[in-house]
Amino acid sequence: MPRPPRLRLRKIGILTGGGDCPGLNAAIRAATLAAIGRGWSVQGIPDGFGGLLDGVRLRPLGAGQVRGIAHLGGTILGTTNRLNPLQVPVRRGGGTILEDRGDRVVERARRLGLDAVVAIGGDGTLRIAEALGRRGLRVVGLPKTIDNDLSGTVVTFGFDTAVSTATDALDKLHPTAESHRRVMVVEVMGRHAGWIALHSGIAGGADAILIPEIPFRVEAVARKVLERERRGRGFSIIVAAEGARAVGGGERTRGPAEAGREVRLGGIGDWLASELARETGKEARSLTLGHLQRGGSPTTFDRLLATRLGAAAIRYLEAGRTSVMVGLQPPDVVAVPLREAVARMKAVPAGSDVIQSGRDMGIAFGDEAA
Ligand code: F6P
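Here the structure is a predicted model, which is why all the values come from computation and not from measurement.

**Observations concerning the packing of aromatic side chains**
Under the definition given, this model contains 1 aromatic pair. Between Phe 216 and Trp 271, the ring centres sit 6.5 Å apart and the planes meet at 55°, which makes this aromatic pair tilted. Of this pair, Phe 216 sits in the loop between strand E9 (208–210) and helix H7 (218–230) while Trp 271 sits in helix H8 (residues 268–280), and the two are 55 residues apart along the sequence. For Phe 216, a relative accessible area of 0% translates into the label buried. Classification of Trp 271 as partly exposed rests on a relative accessible area of 21%. Stacked on the ring of Phe 235, the Lys or Arg Arg 228 has its end atom at 4.9 Å from the ring centre. Sitting above the plane of the Trp 195 ring, Lys 346 keeps its charged end 5.8 Å from the centroid.

**As for the packing of H7 against H8**
Interhelical geometry of H7 versus H8 gives an angle of 60° and a closest axis separation of 10 Å. Taken together, the axis directions place H7 and H8 in an arrangement best described as oblique. The element H7 and its partner H8 pack so that their crossing is right-handed. Contacts between H7 and H8 involve Val 218, Glu 219, Val 221, Ala 222, Val 225 and Leu 226 from the former and Trp 271, Leu 272, Glu 275, Leu 276, Glu 279 and Thr 280 from the latter. Tallied by class, the residues present in the contact of H7 with H8 amount to 8 nonpolar, 1 polar and 3 charged.

What counts and how
- Residue positions are given per chain, counted from 1 along the sequence in the order it is written.
- Residue-level local features of this predicted model are given only where pLDDT is at least 70; pairs of side-chain atoms are given and counted only at 80 or more, and the full residue set underlies all totals for whole chains, interfaces and linings.
- Only heavy atoms go into the side-chain values, all of them from the structure, while hydrogens and water stay out.
- The pairing test for Phe, Tyr and Trp rings, Trp by its six-membered ring, is centres within 6.5 Å, and the orientation test on the planes gives stacked under 30 degrees, edge-to-face over 60, and tilted for anything in between.
- Only DSSP runs of H or I covering at least 4 residues are called helices, and only runs of E covering at least 2 are called strands; the numbering of each starts at the N terminus.
- Think of it in three bands: residues with accessible area under 20% of the maximum for their type are buried, residues over 50% are exposed, and the middle band is partly exposed, with areas taken using a 1.4 Å probe on protein chains only.
- Both a distance and an angle decide whether a charge sits over a ring: NZ of Lys or CZ of Arg must be within 6 Å of the ring centre and within 35 degrees of the ring normal.
- Geometry is summarised by axes, namely lines fitted to C-alpha atoms with helices restricted to the contacting stretch, and by angles between N-to-C directions that run from 0 to 180 degrees.
- Small angles under 35 degrees read as roughly parallel and large ones over 145 as roughly antiparallel, with 65 to 115 read as roughly perpendicular and the rest as oblique.
- Definitions for this section: a left-handed crossing has its near helix turned counterclockwise from the far helix by less than a right angle. A right-handed crossing has that turn clockwise.
- Contacts are assigned to residue pairs that have any heavy atoms within 4.5 Å of one another.
- Following the grouping adopted for this structure description, the nonpolar residues are Ala, Val, Leu, Ile, Met, Phe, Trp, Tyr, Cys and Pro, the charged ones are Asp, Glu, Lys and Arg, and the polar ones are all others, Gly among them.

In structure tokens, the structure reads:
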């Protein structure tokens, strides 16, 4: 393939979109420092792509604005998973329609003199980036999400920190579960992919792990609890991804979906705890880790990954690569077309050695035959 011509860039914008995660600030810092090191000026775009809609003010970013932020959770630019400029809910004729304001975003970026945009986001934000790229916006994406469900990178930043938080919670729950001889169900995030549940469950010594990729039967989980009981292990710890579902059932949701938004998931933990109490006759409790998993200082791994990806985004832009996402394919950081990165979700593969290893440890996945 012929090499794209090097770009002459003077000014770029950086934004963070979707749910926040640890590592965003490290990525903003890295992209900013790499850009100003090349003599470019950098503007911070508030609250994702919606920040490029009319009326929103950009914030100049220099070394002073990004100093000392690599270890901080959250994002100094703000973020939202509510506003998608390609689907803006507008009241019309007593109802709500979704309006596409993508062209306005591309036009405003041009009027602001932004030669390119670094978009740090999950599947939603990168999908918007891909669509705007096709309409003429120069854009490079960075994969962030605690869910680790993006293709084109073996891991997204934010995931390692979230797994550490969940593993730490499991370590803390073990003694209380054991002391009371209870069943503890821990609900972790993971809408469509069970990476957090799988990795924290194995690292934290869970007895059953339920993930969206493997529909489960309550009886199989109850069998595991009772089998442990017979062996003198009076307690059990179950980790369930929020998107896990029973065979033939659907995901558990909180309230109806709002226009243009994904429905909020949640409730599997409470539901499963009461089902297990009924099936086993044991006392059961549930705990939802929720947004704790998105908080805290990023682990060393996440800081390093976010920094590598942030700096690489600038190198790729300079080399003329746009409409790409930078990703980790060890030992390298690579650029994959945004189109490919958003084409399919990265689910836990059925033949995953991590699942195999879990089964070898005697962990139940809820699909075991009687
Ligand atoms: O995509 C990350 C994620 O943490 C999902 O696992 C979860 O379903 C969702 O965000 C929750 O988002 P919020 O409550 O911020 O709308």
